[in-house]
Amino acid sequence: MQVHANVLNGHAETSPTTFDSRNPATGAVLGQVYSSTREQVAAAVAAARAAQPAWAARPDSERQALLMKVAEVIKSNSEYLAHWVTREQGKPLGGVGPGQVPGARFEAWGCEVWTQVPASLELPVEVVFEDETRRDEVHLKPHGVVAAIAPWNWPLLIAIWQVIPALRMGNTVVLKPSEYTSIGTLEMVKLIAEVLPPGVINTVSGAGEVGGWLVEQPGVDKITFTGSTATGKRIAAVAAQRLISTTLELGGNDAAIVLPDADPAAIAMGLFWGAFLNMGQTCAAAKRLYVPDELHDAVVAQLKSLAEAMPMGDGLEPGTAIGPIQNRMQFDKVSRLVETAKATAGATIVCGGTPATGPGNFYPLTLVTGLKDGDALVDEEQFGPVLPIIRYRTVDEAVASANRLDVGLGASVWSPDIVRAREVASRLEAGTVWINQHGMVHPMVPFGGIKASGWGAEFGHAGLKGMARTQVISVGKG
Ligand code: NAD
């Protein structure tokens, strides 16, 4: 069985020990990955440091052109990469475009697009003041070496979100994929590294401790991290010791609020995928649904019929819409939250609620009603295929419910009256509030959380600026 190597300074790097990567649909071992040693982590950072000045000194247009080549390589290998995503992460292959299940092919296509956009954006020097006495310009400079640490839910796409803007701005990168989904990411980086100079992109692999060694390296100048709030706090504490910059995309518990004038049939599909995209394992998925009393039963009925109609299975099988949960840790968390809900007075399991037996981490799409704020399934991020639907009486009450938690990644408001929906949206404490859609990120639109969901923004011009420091050049005209 193949052992998938890291990329270090342009060559394949092996380590003394390995670990397995498993298919969550079958439990089968897919291959092995090396556990990087502390010395290899230091060597990867040293390689990135050595490569950085020459990479930053290239004209921006050369970096843009090379990153466009990266996008081409991703495109020409998109089926290969999509198959790794399905086999290792579990999301169905799906397709790209209207009416298609957004799965692994969507993820591979997203990698291409989220490479092209940051590669092609213009970043002119900003003249912030000029008169007859002075001219003040803001220039963007690379931080240096960026440590990127990725999670397992969108293993290729989130790595691309971290790596490409960093490279465009003249940084070099050391990336650590999640230990649950390393192979696909390592295969993608191997392809990317073939078109970039040695040392510009490097990887290390292994469990959380490898990420810990990476962020502690004195040669790291910036950390970009996507994952749990608990790990994000640890990383922020390490970064604080050296006062280096961090971008933290952490957990969320997004509220979706249906307003009383919404049409349940018209919004059902959008709500469904807003909650269950990637089996709910999406940072900005709808994780709590607030519905007015008068629409409650109709919304529940619509979602139930969709949930029961979606074929669940191995994502390599044509027609599969819903795959397994990616790992046992997450499966157990989802199971615990549903069992707690079952034991809660007044709660009803509308559909699902019983894990599938047999191989694979299959958990059926589950809708739960009769819960209230304070119940575990409402207050904790489930990050899986379970949605609590909570009744409200007044919109003020729903807004207060949405805002009462310490996280604020996304939220959504559903209504045909956009003026009314905007007014509610403006009162919600979240980095993004979608209207009549949920989780619809776009490469031109800044994305990031507030409160314990993190800080900093990814995507668009804001994302590029996050991978740079500013330098003011102030010219006296005296
Ligand atoms: P996690 O924090 O356990 O792991 C994320 C990454 O951090 C992995 O690569 C892991 O090996 C590494 N890591 C673990 N301990 C570390 C340490 N001490 N130092 C450095 N690195 C360390 O999170 P996860 O289980 O992979 O992801 C699930 C969570 O991530 C969910 O809460 C979800 O909401 C969140 N998430 C957020 C976003 C976002 O954009 N905001 C996107 C995806 C996932």
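Sequence order as written defines the numbering, with residues in each chain counted from 1. Reporting in this predicted model follows two pLDDT cut-offs: at least 70 for local features of residues, and 80 or more for side-chain atom pairs to be given and counted; totals over whole chains, interfaces and linings ignore these cut-offs and use all residues. Values shown for side chains rest on all heavy atoms present in the structure; no hydrogens or waters enter the calculation.

### Re the overall build of the protein
So, step 1. When helices and strands are counted, the protein shows 15 helices and 23 strands.
So, step 2. Throughout, radius of gyration means the C-alpha value; the globule benchmark is 2.2 Å times the number of residues raised to the power 0.38. Taken over the C-alpha trace, the protein has a radius of gyration of 23 Å; the compact-globule value for 478 residues is 23 Å, and the two agree within 12%.
So, step 3. Along the three orthogonal principal directions, the C-alpha set of the protein runs to about 70 × 65 × 40 Å.
So, step 4. In the protein, buried positions account for 58% of the 478 residues.
So, step 5. Contact definition: two residues touch when any of their heavy atoms are within 4.5 Å. Long-range contacts, defined as pairs at least 24 residues apart, comprise 72% of the intrachain contacts of the protein with a sequence gap of at least 6.
So, step 6. Working definition of accessibility: Shrake-Rupley area with a 1.4 Å probe, residue cover restricted to the visible protein chains. Surface accessibility of the protein: about 18,400 Å² in total, with carbon and sulfur atoms responsible for 56%.
So, step 7. When charges are counted, neither His nor the chain ends are considered; positive counts come from Lys and Arg and negative counts from Asp and Glu. Where a charge sits is defined by one atom per residue type, namely NZ (Lys), CZ (Arg), CG (Asp) or CD (Glu). Charge centroids of the protein, computed over 38 positive and 47 negative side chains, lie 3 Å from each other. Under the scheme used here, helices are H or I runs from DSSP no shorter than 4 residues and strands are E runs no shorter than 2 residues, and both carry numbers assigned from the N terminus. Exposure categories follow from relative accessible area, calculated using a 1.4 Å probe and restricted to protein chains: below 20% of the type maximum is buried, above 50% is exposed, and the middle band is partly exposed.

### Examining the pattern of salt bridges
Two side chains with opposite charge may pair up if their charged atoms get near one another.
So, step 1. Criterion for a salt bridge: a side-chain nitrogen of Lys or Arg within 4 Å of a carboxyl oxygen of Asp or Glu. What the rule picks out here adds up to 26 salt bridges.
So, step 2. Between K372 and D375 there is a salt bridge, and its shortest N-O distance comes to 3.5 Å.
So, step 3. The class of K372 is partly exposed, set by a relative accessible area of 49%.
So, step 4. A salt bridge links E397 to R393; the nearest nitrogen and oxygen atoms lie 3.4 Å apart.
So, step 5. Residues joined in a network through salt bridges with shared partners are E130, R135, E137 and K477.

### Side note on the packing of aromatic side chains
A ring pair, where both rings are aromatic, is described by two values, the distance of the centres and the angle of the planes.
So, step 1. Note on ring pairs: Phe, Tyr and Trp rings are taken, using the six-membered ring of Trp, and paired if centres are within 6.5 Å. Classes follow the plane angle, with under 30 degrees stacked, over 60 edge-to-face and the rest tilted. Under the counting rule described, the total for this entry stands at 11 aromatic pairs.
So, step 2. Ring centres of F106 and W154 lie 6.3 Å apart, and the angle between their planes is 75°; this geometry places the pair in the edge-to-face category. In this pair, F106 sits in helix α4 (residues 104-120) while W154 sits in the loop between β8 (145-149) and α5 (155-168), placing the two residues 48 residues apart along the sequence.
So, step 3. Given the relative accessible area of 6%, W154 is considered buried.
So, step 4. Judged by centre distance (5.3 Å) and plane angle (55°), the ring pair of W114 and F459 falls under tilted. With W114 in helix α4 and F459 in the loop between β22 (454-455) and α15 (460-466), the pair connects residues that are 345 residues apart, well separated along the chain. Note on accessibility: W114 and F459 belong to one class, buried.
So, step 5. Three or more aromatic residues joined by ring pairs form one cluster here, namely W114, W161, F447 and F459.
So, step 6. A ring is considered to have a charge above it if a Lys NZ or an Arg CZ atom is located within 6 Å of its centre and within 35 degrees of its normal. Here the basic side chain of R87 rests over the ring of W84, its NZ or CZ set 4.2 Å away from the ring centre.
So, step 7. Between the NZ or CZ atom of R328 and the centre of the ring of F331, over which it lies, the distance is 4.1 Å.

### Some points on the site of the ligand
So, step 1. Here a residue is considered near a molecule or strand provided that any single heavy atom belonging to it is located within 4 Å of it. The ligand sits among 29 residues. The nearest are E179, S228, T231, L250 and E381.
So, step 2. Think of a polar contact as two N or O atoms within 3.5 Å of one another; within protein, one of them needs to be a possible hydrogen donor and the other a possible acceptor, and neighboring residues in sequence only count if both atoms come from side chains. Between an oxygen atom of the ligand and a side-chain N or O atom of E381, the distance comes to 2.6 Å.
So, step 3. Relative to its free-state accessible area of 850 Å², the ligand is covered by the protein chains to the extent of 89%.
So, step 4. Listing elements by their share of the shell around the ligand, those giving two or more residues are α7 (208-216), β11 (222-226) and α8 (229-242).
So, step 5. It is α7 that contributes the most residues to the shell around the ligand, three residues altogether.
So, step 6. Three residue categories are used. Nonpolar comprises Ala, Val, Leu, Ile, Met, Phe, Trp, Tyr, Cys and Pro, charged comprises Asp, Glu, Lys and Arg, and polar comprises the others, including Gly. Its residues assigned to classes, the shell around the ligand comprises 14 nonpolar, 11 polar and four charged.
So, step 7. Here the limits of each domain have been adopted from an automatic or database domain assignment. Residue contributions to the shell around the ligand reach at least three from each of two domains, namely domain 1 (3-250 + 453-476) and domain 2 (254-444).

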